[in-house]
Amino acid sequence: ADEPLILGIETSCDETGVGIVRGHTLLADAIASSVEEHARFGGVVPEVASRAHLEAIVPTMRRALDDAGVTLADIDAIAVTAGPGLAGALLVGVAAAKGYALAADKPVYGVNHLAAHVAVDTLEHGPLPEPAIALLVSGGHSSLLLVDDLATGVTPLGATIDDAAGEAFDKVARLLGLPFPGGPPIDREARAGAADAIPFPRGLTAPKDLAAHRFDFSFSGLKTAVARWVEAKQRAGEPVPVPDVAASFQEAVCDVLTSKAIAACRDRGIETLVLGGGVAANSRLRALAEQRAAKYGIGVRVPRPKLCTDNGAMVAALGSHLVAAGVAPSRLDLPADSAMPL
Ligand code: KG4
Ligand code: ZN
């Protein structure tokens, strides 16, 4: 018999995603993004995102079903991101999932967005060895998670105490006159720059900070340091060496992220590190994580960039895992929870 066919809906931020999987096999990953509508604001505007989800959800749903060559009747369960995320944006996905579930008489699973970022890796690399450590870095979150059991046991070890890593990329890009979202252009510029050109600070790595914040991150001081450095250049009437600033900033972020992620693995005796979230698409982060992990025999799993950023496939992947693990579906009155804990 075939494994169950699971549809996943994601609307927690600015991507409207509908993915369809069977077991660990990805059949469709339809996505509509409102990122261009947010670009002129330099960040995601919640009201704009909600409206864009409303317009995109039905066509994206239709496209996913077409791409997979199935109909709603063929689907065995619907999974949807119930949180965390933008309240109004989440509501669109949750309402759509309930509507489709009710109309087609399917079970619905409200899932956690962060756990879904971890689960998506199973579509690329198969079942996740447990326990694992997950480093999730995106525009909205930067978390280090302990994954004892993907279905029921994901716990936070640490998180950012101010800006998310992706937010820092976006703000520094803006400072350098690069387009939004800032991660990809910084990644590109950094290739022509020197990572050791400017010694930017590594947040929460001093011994006094490590005591209370061993697995937490802070990127707001780094962002300010970059801003001050750039302003000083401009005041002096000197050109800003964009590639060097990009490379040095990127190195500071990746250095802290990878050293803390690997410290978490070593602390718990864990041999698998999973990266996820939009910033996991960063080429330096991937290279540095692999280089440092290899020293301790830790294996790094990173899904391809398209699966690292928000999408419906990740939600379907987690839904598929929950169904396979025999977890009961959610009630049809499941709420969207913008601050949903793990
Ligand atoms: O996971 P995601 O699509 O959405 C959120 O849940 O936030 O992540 C988007 C973030 C943005 O801040 C973007 O600048 C960042 O991921 N990003 C990158 C790269 N590609 C996307 N950051 C660094 N390097 C990249 N190559
Ligand atoms: Zn995300």
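The rules behind the values
- Residues numbered from 1 in each chain as written.
- Chains lettered and ligands numbered in written order.
- Predicted model: local features only at pLDDT ≥ 70, side-chain atom pairs only at ≥ 80, totals over all residues.
- Heavy atoms only, no water.
- Helix = DSSP H or I, 4+ residues; strand = E, 2+ residues; numbered from the N terminus.
- Expected span 1.5 Å × (residues − 1).
- Buried < 20%, exposed > 50% of the residue type's maximum accessible area, 1.4 Å probe, protein only.
- Contact = heavy atoms within 4.5 Å.
- Polar contact = N/O pair within 3.5 Å; in protein donor to acceptor, adjacent residues only side chain to side chain.
- Pairing = 2+ DSSP bridges.
- Donors = N, O, S within 2.8 Å, 3.2 Å for Na, K, Ca; no water.
- Tetrahedral: all angles 85-135°; square planar, octahedral: opposite > 155°, others 65-115°.
- Right-handed = clockwise from strand over helix to strand, strands pointing away.
- Domains from an automatic or database assignment.
- Buried area = accessible area lost by both parts, 1.4 Å probe.
- Salt bridge = Lys/Arg side-chain N within 4 Å of Asp/Glu carboxyl O.

## Regarding helix H9 (residues 220-235)
Here's step 1: Across its 16 residues, H9 extends 22 Å between first and last C-alpha, which sits within 8% of the 22 Å expected from 1.5 Å per residue.
Here's step 2: Listed as buried for H9 are Leu222, Lys223, Ala225, Val226, Ala227 and Val230.
Here's step 3: In this structure, the buried residues of H9 make contact with helix H6 (165-175) and helix H10 (242-268).

## Let's talk about the environment of Asp162
Here's step 1: If you trace the backbone, Asp162 turns up in the loop between strand S8 (153-159) and H6.
Here's step 2: Asp162 gets classed as partly exposed once you look at its relative accessible area, which sits at 31%.
Here's step 3: There is a polar contact of 2.8 Å between the side chain of Asp162 and the backbone nitrogen of Phe219.
Here's step 4: Among the polar contacts listed, one links the side chain of Asp162 to the backbone nitrogen of Ser220, at a separation of 3.1 Å.

## Considering the pairing of strand S2 (residues 15-22)
Here's step 1: Most of S2 sits out of view: seven of its eight residues are buried.
Here's step 2: Here six bridges tie strand S1 (residues 5-10) to S2, and the two strands are oriented antiparallel to one another. Its bridge partner lying in S2, Leu5 is registered against Arg22.
Here's step 3: Here S1 hands over to S2 after four residues, the two strands then running antiparallel side by side.

## Side note on H6
Here's step 1: Residues of H6 that are buried include every one of Ala165, Gly166, Ala168, Phe169, Asp170, Val172 and Ala173, and no others.
Here's step 2: Lining the buried residues of H6 we find strand S6 (132-137), strand S7 (142-149), helix H7 (183-190), H9 and H10.
Here's step 3: Of the residues flanking the end of H6, it is Gly177, one or two places downstream, whose phi is positive at about 75°.

## What to know about the coordination of the zinc ion (ligand 2)
Here's step 1: Those donors, His113 (NE2), His117 (NE2) and Asp310 (OD), are the protein atoms that reach the zinc ion (ligand 2), and they lie 2.1 to 2.2 Å from it.
Here's step 2: Each of the four donor atoms bound to the zinc ion (ligand 2) contributes to angles spanning 87 to 149°, and the resulting shape is irregular.
Here's step 3: Here the donor residues of the zinc ion (ligand 2) are spaced in sequence according to H-x3-H-x192-D. Of this pair, His113 and His117 both sit in helix H4 (residues 113-119), separated by four residues, roughly a single helical turn. Judged on exposure class, the residue His113 and its partner His117 are both buried.

## Some words on the pairing of strand S5 (residues 108-112)
Here's step 1: Burial analysis of S5 places four of its five residues in the buried class, the great majority of the element.
Here's step 2: Where strand S4 (residues 77-83) and S5 come together, five bridges link them in parallel fashion. Note on S5: the bridge partner recorded for Ile78 is Val108.
Here's step 3: Note on the crossover from S4 through helix H3 (residues 87-104) to S5: the handedness is right-handed.

## Points about the domain arrangement of the chain
Here's step 1: As assigned here, the chain comprises domain 1 (5-120 + 311-324) and domain 2 (128-305).
Here's step 2: The partner domain 2 presents 17 residues to the 18 residues of domain 1 that form the contact.
Here's step 3: Buried area between domain 1 and domain 2, both sides added, is near 1,300 Å², and the carbon and sulfur share of it is 77%.
Here's step 4: The largest per-residue losses of area from domain 1 upon contact with domain 2 belong to Leu114, His117 and Val118, which jointly make up 41% of the total buried on that side.
Here's step 5: Run the count over domain 1 and domain 2 and you get zero salt bridges.
Here's step 6: Along the contact surface separating domain 1 from domain 2 lie one residue pair in polar contact (both at pLDDT 80 or more).

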